[in-house]
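Working through the structure, step by step
The residues making up each chain are set out below.
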Amino acid sequence: MTIQQCHYEELLATYSQSSEAIALLRGYRPYLELMPSMRRPEQSLIPVPLPIARLRHTHPSPSGHGNITTLESVAVPCEVALLLCDPEWKIKTGREIFVFVHRPGEDFSDLLGRWRQTQVLLSREYEWILPLRYQHILNEGADKLYPLFVLFDQSPERIIRGMKGAHLPYVVQTIAQVEANPGMVVFDAEHSASQEVADRSDVSFLEDDLLEGNLLEEE
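For residues that are not glycine, phi is negative in most cases, and the peptide bond is trans in most cases. Positive phi, normally seen in glycine, also occurs at leucine 50, with a value near 45°. By secondary structure assignment, the location of leucine 50 is in the loop between β1 (45–49) and β2 (52–60).

Encoded structure:
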């Protein structure tokens, strides 16, 4: 069985819902523990599918007095941006999780390349273009960016090897389960990265591995 566009679309639609996005984080415990409130989880996480960021560019003024700021809207090459919010204060925290679903025909360099593009794009000042219901939330850029890759049990084995070699977190979805239970998050426990870190309650070890893009700084 090969990965088809419908399998990809199914997961994209699934993770666009906050309840299913939270279920996804349960497959990778350290990220689940980034949630500001587990008593009000759906108020603590905003999923933004196929997100658009508004980048700020500052240039010297032609008159020579001060600077001018221009805005550029860009599509971030991930499936879903998960924005963590304080449910009490209605503000976004400084941490964001980016979900990358393995696309049909995509190889390791393409999949990893999308995360690298995201790191480069969001190394500047930015804000999110949010759905209308969330536009009251302050949404300046984050201090720390975290990737989470969703592979299929039919993804090439070299992609899993590459993820392990790059020390990047991933979970594996079973195509048969995606077809049988649309909208239900089911992980292959044998390959899920959560098996390696289920007993780890701190993500600091991941931050060391993600320093390549200089986007993660020590608190």
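So, on to the nonpolar core. Judged by nonpolar contacts, the single largest core of 33 residues is most densely connected at Phe98, Leu122 and Trp128. With 4 residues, helix α5 (residues 108–121) is the largest single contributor of residues to this core. What tryptophan 128 contacts, discounting residues up to four positions off in sequence, is Pro51, Ile52, Ala53, Val76, Ala81, Leu83, Lys92, Glu96, Phe98, Leu122 and Asn139. With 28 residues, the next largest nonpolar core counts Leu24, Tyr28, Tyr146 and Val171 among its residues.

By volume, the largest pocket is sized at about 220 Å³. In terms of lining, the largest pocket is formed by 14 residues, of which the most central are Glu42, Gln43, Lys90, Tyr134 and Ile137. Elements that contribute at least two residues to the lining of the largest pocket include exactly α4 (41–44), β1 and β4 (80–86). Broken down by element, the residue count for the lining of the largest pocket peaks at 3 residues, all from α4. Taken together, the residues of the lining of the largest pocket break down into 6 nonpolar, 4 polar and 4 charged.

Here the focus is the packing of aromatic side chains. The geometry of an aromatic ring pair is captured by two quantities: the separation of the ring centres and the angle between the planes. Taken as a whole and assessed by the stated rule, the structure comprises 6 aromatic pairs. When the centroid spacing of 4.9 Å and the interplanar angle of 70° are considered together, the rings of tyrosine 28 and tyrosine 31 count as edge-to-face. When sorted by exposure, tyrosine 28 lands in the same class as tyrosine 31, which is buried. Seen in terms of ring centroids, phenylalanine 98 and tryptophan 128 are 6.1 Å apart; in terms of plane orientation they differ by 40°. Their pairing is tilted. Here tryptophan 128 lies in strand β6 (residues 126–128) and phenylalanine 98 lies in strand β5 (residues 91–101), a separation of 30 residues in the sequence. You'll find phenylalanine 98 and tryptophan 128 in the same group, each marked buried. Members of the aromatic cluster, connected to one another through ring pairs, are Tyr28, Tyr31 and Tyr146.

Below, the discussion takes up the sheet that holds β5. Through backbone hydrogen bonds, the strands of a sheet pair up, either in parallel or in antiparallel fashion. With mixed pairing, the 5 strands of this open sheet are ordered in space as β1-β4-β5-β7-β8. Looking at the sheet topology across the chains shown, the edges are occupied by β1 and β8 (170–173). Taking the axes of each pair of neighbouring strands and ignoring which way they run, one obtains an average angle of 25° across the sheet. Sheet topology places β5 next to strand β7 (residues 144–152); 7 bridges connect them, and they run parallel. Residue valine 99 lies in a different strand from β7, and its bridge partner there is leucine 148. α5 rests against β5 and β7 of the sheet, and its axis sits at about 155° to β5. Running over the sheet, helix α6 (residues 157–165) touches β7 and β8 and is turned about 155° from β7.

Parameters at a glance
- Residues numbered from 1 in each chain as written.
- Predicted model: local features only at pLDDT ≥ 70, side-chain atom pairs only at ≥ 80, totals over all residues.
- Heavy atoms only, no water.
- Helix = DSSP H or I, 4+ residues; strand = E, 2+ residues; numbered from the N terminus.
- Core = buried A, V, L, I, M, F, W, Y, C linked by side-chain atoms within 4.5 Å.
- Buried < 20%, exposed > 50% of the residue type's maximum accessible area, 1.4 Å probe, protein only.
- Contact = heavy atoms within 4.5 Å.
- 1 Å grid on protein atoms, 1.4 Å probe; cavity = no way out; pocket = protein on both sides within 12 Å on 5 of 7 lines; lining within 4 Å.
- Points joined across faces, edges and corners; volume = space filled by probe spheres on them.
- Nonpolar A, V, L, I, M, F, W, Y, C, P; charged D, E, K, R; others polar.
- Phe/Tyr/Trp six-rings, centres within 6.5 Å; stacked < 30°, edge-to-face > 60°.
- Pairing = 2+ DSSP bridges.
- Axes fitted to C-alpha atoms, helices over the stretch in contact; angles between N-to-C directions.

Just distances and angles here, no functional claims.
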